[in-house]
Every structure is written in structure tokens, then in C-alpha cells.
Amino acid sequence: MNDVDRRTLIGRGAAVAGAAVAATAVAPALLAAPAGAAPATRTPRAAGATIRPDDPRYPLLTTGNNQRFVARPDYIKMITSAADAEAALEQAFKDRKRISVRSGGHCFADFAANPDIEVILDFSPMTAVGYDERMRAFTVEPGARLLNVYETLYKGWGVAVPGGICYSVGAGGHVSGGGYGLLSRAHGLVSDHLYAVEAVVIDAHGKARTLVATREQDDPHRELWWAHTGGGGGNFGLVTRYFFRSPGARGTEPADQLLTPPSTVLVSAIDLPWEELNETRFTRLLKNWGAWHEEHSAPTSPYRHLSSLFNVSARAHGSLGMFTQVDAGVENAEGLLDSFLTAVLAGTGLKPRALARPNGELPAMPGLHTPRRMPWLQATRLVGTDNPTITNPTSRGAHKSGYMRKNFTDHQVAALYKHMTRADFHNPDTMLVLFSFGGQVNALAPDATANAQRSSAFKMCFQTFWSEQKDDDFYLGWVRELYEDFFARTGGVPVLDERTDGCYINYPDRDVADPRRNTSGVPWQRLYYKDNYPRLQQVKKRYDPTDFFRHSLSVELPRR
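Residues numbered from 1 in each chain as written. Predicted model: local features only at pLDDT ≥ 70, side-chain atom pairs only at ≥ 80, totals over all residues. Heavy atoms only, no water.

### A word on the overall build of the protein
- In terms of regular secondary structure, the protein is built from 16 helices and 19 strands.
- Against the 2.2 N^0.38 benchmark of 24 Å for 560 residues, the protein shows a C-alpha radius of gyration of 23 Å, consistent with a compact globule.
- Seen through its C-alpha atoms, the protein measures out along the principal axes to roughly 70 × 50 × 45 Å.
- Buried residues in the protein amount to 62% of all 560 residues.
- Considering only contacts in the protein between residues 6 or more positions apart, those separated by 24 or more positions represent 72%.
- One finds the centroid of the 62 positive side-chain charges in the protein at a distance of 2 Å from the centroid of its 59 negative side-chain charges. (Helix = DSSP H or I, 4+ residues; strand = E, 2+ residues; numbered from the N terminus. Rg over C-alpha atoms; globule rule 2.2 N^0.38 Å. Buried < 20%, exposed > 50% of the residue type's maximum accessible area, 1.4 Å probe, protein only. Contact = heavy atoms within 4.5 Å. Lys, Arg positive; Asp, Glu negative; His and termini not counted. Charge placed at Lys NZ, Arg CZ, Asp CG, Glu CD.)

As C-alpha cells, this is what we get:
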């Protein structure tokens, strides 16, 4: 039983099904598991392939979804189990190889793919989703893609996690960074429902071990669980399984252990043409959207069951696109949606059209300019499976983020209008994505999880996509100018003040660590982690004492 920490076995009475299987079970008294329940096991798996430069698969696996970032590793190791991860980690440590970790490959920065990387540990073969009776928790392996997670959980047990819309994002990075989606205003972040992690860590002598860390107060590894509730991927170890059980879950029925999504949702998709916009109308539209979210960001707001994704696309696209979803089972769902749309469009004179062609992260949804009811999973597929801009595997991209606690200022809207309408900018695949936040996300204290942003009204992602390397300087320059102009009052970044609340680690941006771009004097660590950063450093010191897991924005060991 060398794959599970012996202190966990002794201190918490866990039973282990074998090194190759790496399945865990914990004492019934601690987890209130059903009497006599047997530990869940996983069928032993053969070790994953090792792919070297002469392998025809090598070019595919040296990069992720953003073609700006490419690695030239000695090899890519496909990971199939905790035992496989242990062996791969020990070998890389012994050989003094610089490693990176990848699940779905959607990292916006160079964490997984860059020229310094010598070994990529790829978890895409680990895609299982299931239920562990002994843990009373649903299990998700890191390589599982989000839509497959939703499909399996909902069809099998009628449950869900409040995750993102992009179907091909891997669970590994999504969960560890916090994770959010259209259900988050009603149910919080994905990591708010994380009960435990199974993680492979390595000590100062190069010995790997597999730990199971839970949120139980007496778990000796509870801090390792906490670090994975928003601390970001590639920082502390190799997650080989996530366990999900909602706080407060009772009983033994699987369907009672995790949130129940809406049976049906009421959805709206509208197109707002740039030809009807001038700066006055644009300003009113953006401020309407921001004001509504500022007013309705409280955890108990009756509008917490409504969430909107607003693509404020560049004029080169021709229109702006907005998708809104509300739980059709709540009282007055139609009235909530109508009230929201009325508030957003008030005083603009805009006449919404059908969303007849894709707009940024939104696919074409021509039949939804008149709101329509549909099953929740059907709506999830509709939005998530055909967003060709964000999922184009041949594109290059730049991304920047910000949490907003208050509405836009006049300067911020003016900056956005100026850059989105620049005469020399002709790229239609460019947008500021505004995403509803607040609601139950704001119900927790900032230190309850590693994700510290718990007082925001909405979240922003500035992004542009292009195809040719020769255009890198132009597009990177454009998005930098927009972002730094937008946050000119606070040194080019969303500082921690009454209006803004830092950045999202799952939208990593190396520029915030560059004093030429971030002139605020606020270090990047505070922008992403706020007051939680020193605590994350202590987790790093305990579980990764040699800083073996590192990347361009990784948690650093505390200074002595």
C-alpha cells in the first residue's frame, strides 16, 4: 500500500484497495457511509504511452488549444492511474526533468506548453466519472471533459456541478482554479462542491505518494484539499481524482449528495447589431447590464437563478450577442427574464434580432430571440458544443480577466468603445465576455476556499483570437492597450478596491506579473489570491518542498 499516505491510513482509518487501483475508502463514522459498504475500486490500468519526438503523435501533443504556446519536451507521458502518475513523477524527479501538467489543454498561458518543459504529464486518458459509495461522493478524473461530466452525472443520477459552458475544457484545471458557469449564481463555484482530492505529491527525496485529502475538519491533509478549491493547477501535485459532495448533503442516496440542476430552463439569445449603436447607446447598454448585476449580486437575490453571458464583440464582428438562462421552475421565471432584458435594453432604442450566426463564445441560436423552455441538459449542449471561436484548435489567443464589484465607470466604457471601434482593427473574433457572477458565489467567506473573490457582481474576460504568428505583436498590443486603458486609474490592472477585485487564475495572464504592464504596485499574487496567498505558500512548502511543480504564475515557496 505504498500509494496512499500511511498517516492517512492510521489517522483516518482509510482502507486502500491496492497500489495499482488507488481507490480509497474512509471510516463510516467520519463520512456517515452506509454500514457495510465496500470501498469503491477501479480496474487496474496499464501504464500510459510515452511519446517521443519520433512518434507521429508528438506534434499534436506539444501544444494545447492556444497555438501561441508550444513545447519541445523530451517526451510526453500519458497518465492512466495514480500508480502511473507516481512512477512518472519519480522518474522525472530522478532525471531532474522540468515537468508540466495537462488535462484538457485549454490553458490560456504557457503553464503546460513552453520551451523550458522537458516532460509533459498528460492526463487526458483519465476520463472516468462515477460514484463512490464509501465516500458518498461522485468521482471525476482530471481528463474528463466538461460536457461528458455533465452528461454522465445528470443521466446517471440527476445531479450536476455548476461548471463552465465550453464542452472540451478538462476537469483537471477547471476544478482546481475554482470553476464557474451558468448555474453558479444559484449554486456557487464548482470547487464549493468539492469534497476531496486524490493527489500524487513528491517529497524532497523524490519519493511520490498518493494522498486523499478531504474537507473534514480533522483530516490531517485538509489544507491540501483547500488549496485545490481555487489555488490553480500545476502547483502542489498531480490530481488523479476529484470527489464531489455538496456541503450539507445528507443520507445515503447518490442523488442527494450533489446539487440538482433545473429540470427545464427558460433561455433567450439575442443579437444587437453594431449598425444601431453609437457611443451614447453603447454606454447606456453596458451601464444597464452592469447596474443590474450590481443591484442583484446578493446571495439571496430572487434573481440568483438567472445568469447571462454577454459577448461585447468588436465592431468588426457586426453585432453583440447575449445569452440568458433562468431556472424555469422558479416562481415567475418568465417575469424574471423579461425584467432583466427590459432593464438591459432600457433607453437604448435597440431592437434585438435573432442570433443567426456565431458570436464569440456563443453559437448561432436563431430560434431563441423569443424566449423558449427546454430541458437543462439540452440547453447546456446547445451553448457548449458549438462555440467555434474559443474551441478552434488552430488559433492563437490572448486573454485577460477582471472581477467587477461595481458598475463600469464612464472612462471604462469609453475605453472599451474606443478600442472596439478602432478603424484599423478588423478581427471579428474579438470580444469582452461579461459573465453573471455573485449570487451564491458570494455566500462564502473569502478564506472558505482558495478562491477569494466572494463579493463580485460580474466577471470579465478580454480576449482576441487570430491565426498567424506574424500578427502576434499587433493583437497582443491591441488587447494590452485596451486592458491598461480600461484600468488606467489603478495602474493597468483590476486592483483590490471598492470597484474591482483582482483576476481569475483560470484566465492566467503573465502580463500582470510584469511591472512594465502592471504599474499598480500590487503584486500578481494578490490580484489572483488576495489574502489567501500566504496560506497557499504554506501548502506548497508542505507538499512540494522542492518547488518541483512550477510554471510562470505558480505559487512560490515562502521566503525564509
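### Re the pattern of salt bridges
- Enumeration according to the criterion identifies 32 salt bridges in this entry.
- Residues Glu334 and Arg373 are paired through a salt bridge, measuring 2.4 Å at the closest nitrogen-oxygen approach. Of this pair, Glu334 sits in helix H10 (residues 333-345) while Arg373 sits in strand S16 (residues 372-375), placing them 39 residues apart in sequence.
- Judged by its relative accessible area of 41%, Glu334 is partly exposed.
- The partner of Asp514 in a salt bridge is Arg516, with the nearest N and O atoms 2.8 Å apart.
- Take Asp514: its relative accessible area is 16%, and that puts it in the buried class. (Salt bridge = Lys/Arg side-chain N within 4 Å of Asp/Glu carboxyl O.)

### A word on the confidence of the model for the protein
- Looking at the protein as a whole, its pLDDT mean stands at 92, while 92% of the residues score no less than 70.
- For the stretch residues 1-39, pLDDT sits under 50, and the model shows 93 contacts to residues farther than four places along the chain or on other chains. (pLDDT = per-residue confidence, 0-100.)

### Focus on helix H11 (residues 376-384)
- Along H11, the positions that sit buried rather than exposed are Trp376, Leu377, Ala379, Thr380, Val383 and Gly384. Taken down its axis, H11 places every buried residue within 155° of arc, on the same side.
- Those residues of H11 hidden inside the fold are in contact with helix H5 (146-157), strand S12 (264-273), strand S14 (319-327) and S16. (Arc of directions from axis to C-beta.)

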